[in-house]
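Summary of structural features
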Amino acid sequence: MYKVNDSLGESKLNRERSDRNFLLFIAVVLILLTVVFYLNTFVFLSVRVSGSSMSPTLYGVGEDGDVLIVNRKTEAKHGDIVVISGVQSYWLIKRVIAMEGDTVKIQDGKVMLKKSGETEFSELIEPYTSGHPTQALDPKYESGYTLGEDEIFYLGDNRSRGGSSDSREKGECLEKNIVGVVTNWSLNNKQFLRGVYNFFEPVTKLFNQIKNGQ
């Protein structure tokens with residue numbers, strides 16, 4: 001009789017312990033989802049590169065395009081790769097060449113830059129480009145254009161004819177149009193991030209649908 005009572009009591013205790021563990025698991029999952037939601041909404045953003053405008057730095061052909069992490073909290077600086085919104089109905093990924101107060105000039109296939117506060121132009125050394133000469137496309141860049149308040153002049157790394165549609169055609173963007181900066185860690189781990197993105201893509205789509213209330 002006593003053994004039966006002890007067994008029933010132990011079984012009840014195990015059920016209570018199991019219920020607590022389950023509730024703890026649910027709480028941990030909810031906390032993790034909240035953290036992921038916050039980071040994905042306000043701090044980081046994953047993007048897949050599409051197109052060849054940033055070739056050879058970035059690969060963007062089909063479903064095998066490079067996947068990158070964009071930091072929303074980092075301020076852009078000269079030479080950074082950034083994601084830009086508001087230019088058209090889609091986002092662009094380009095490189096920051098000049099900023100407010102800088103004067104940019106394109107001559108003989110080269111980009112010349114006079115940064116704000118400097119008195120002389122210097123040729124911009126660009127080992128990341130495709131090796132093709134940079135065409136001005138707009139006469140104002142042949143004579144030199146000084147960027148106004150909060151303006152950003154951006155170019156793609158693919159400087160072949162028709163390789164990149166950027167500030168030479170679209171004009172300058174404003175700093176507020178920069179969604180975020182691509183981190184060096186992301187640039188150095190493109191293949192790894194692509195594999196992770198492909199693995200979790202179904203979950204990511206579901207998460208985004210929930211986030212957008214769909």
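Refer to the preceding data block for the structure.
Everything in this summary refers to the structure shown in the same document. (Residues numbered from 1 in each chain as written. Predicted model: local features only at pLDDT ≥ 70, side-chain atom pairs only at ≥ 80, totals over all residues. Heavy atoms only, no water.)

Now for the sheet that holds strand S7 (residues 122-123). The four strands lie next to each other as S7-S6-S5-S8, forming an open sheet whose pairing is antiparallel. Where the open sheet ends on each side, the last strands, each with one partner, are S7 and strand S8 (145-146). Relative to S8, strand S5 (residues 103-107) runs antiparallel, the two sharing two bridges. By the bridge assignment for S8, Val-104 is matched with Tyr-145. (Pairing = 2+ DSSP bridges. Helix = DSSP H or I, 4+ residues; strand = E, 2+ residues; numbered from the N terminus.)

Let us look at the sheet that holds strand S9 (residues 151-155). Strands sit in the order S1-S2-S11-S3-S4-S9-S10 across an open sheet of seven strands; the sheet is antiparallel. Where the open sheet ends on each side, the last strands, each with one partner, are strand S1 (44-48) and strand S10 (173-174). Note that strand S3 (residues 81-84) and strand S4 (residues 92-98) share four bridges and pair antiparallel. Bridge assignment links Val-82 to a residue of S4, and that residue is Lys-94.

Turning our eyes to something else, we now look at unusual backbone geometry. The step from Ser-55 to Pro-56 runs through a cis peptide bond, and the omega angle for that step is 5°. As for its placement among the helices and strands, Pro-56 is situated in the loop between S1 and strand S2 (67-71). At Asp-108, a residue that is not glycine, the phi angle is positive and equals roughly 50°. In this structure, Asp-108 sits in the loop between S5 and strand S6 (110-114).

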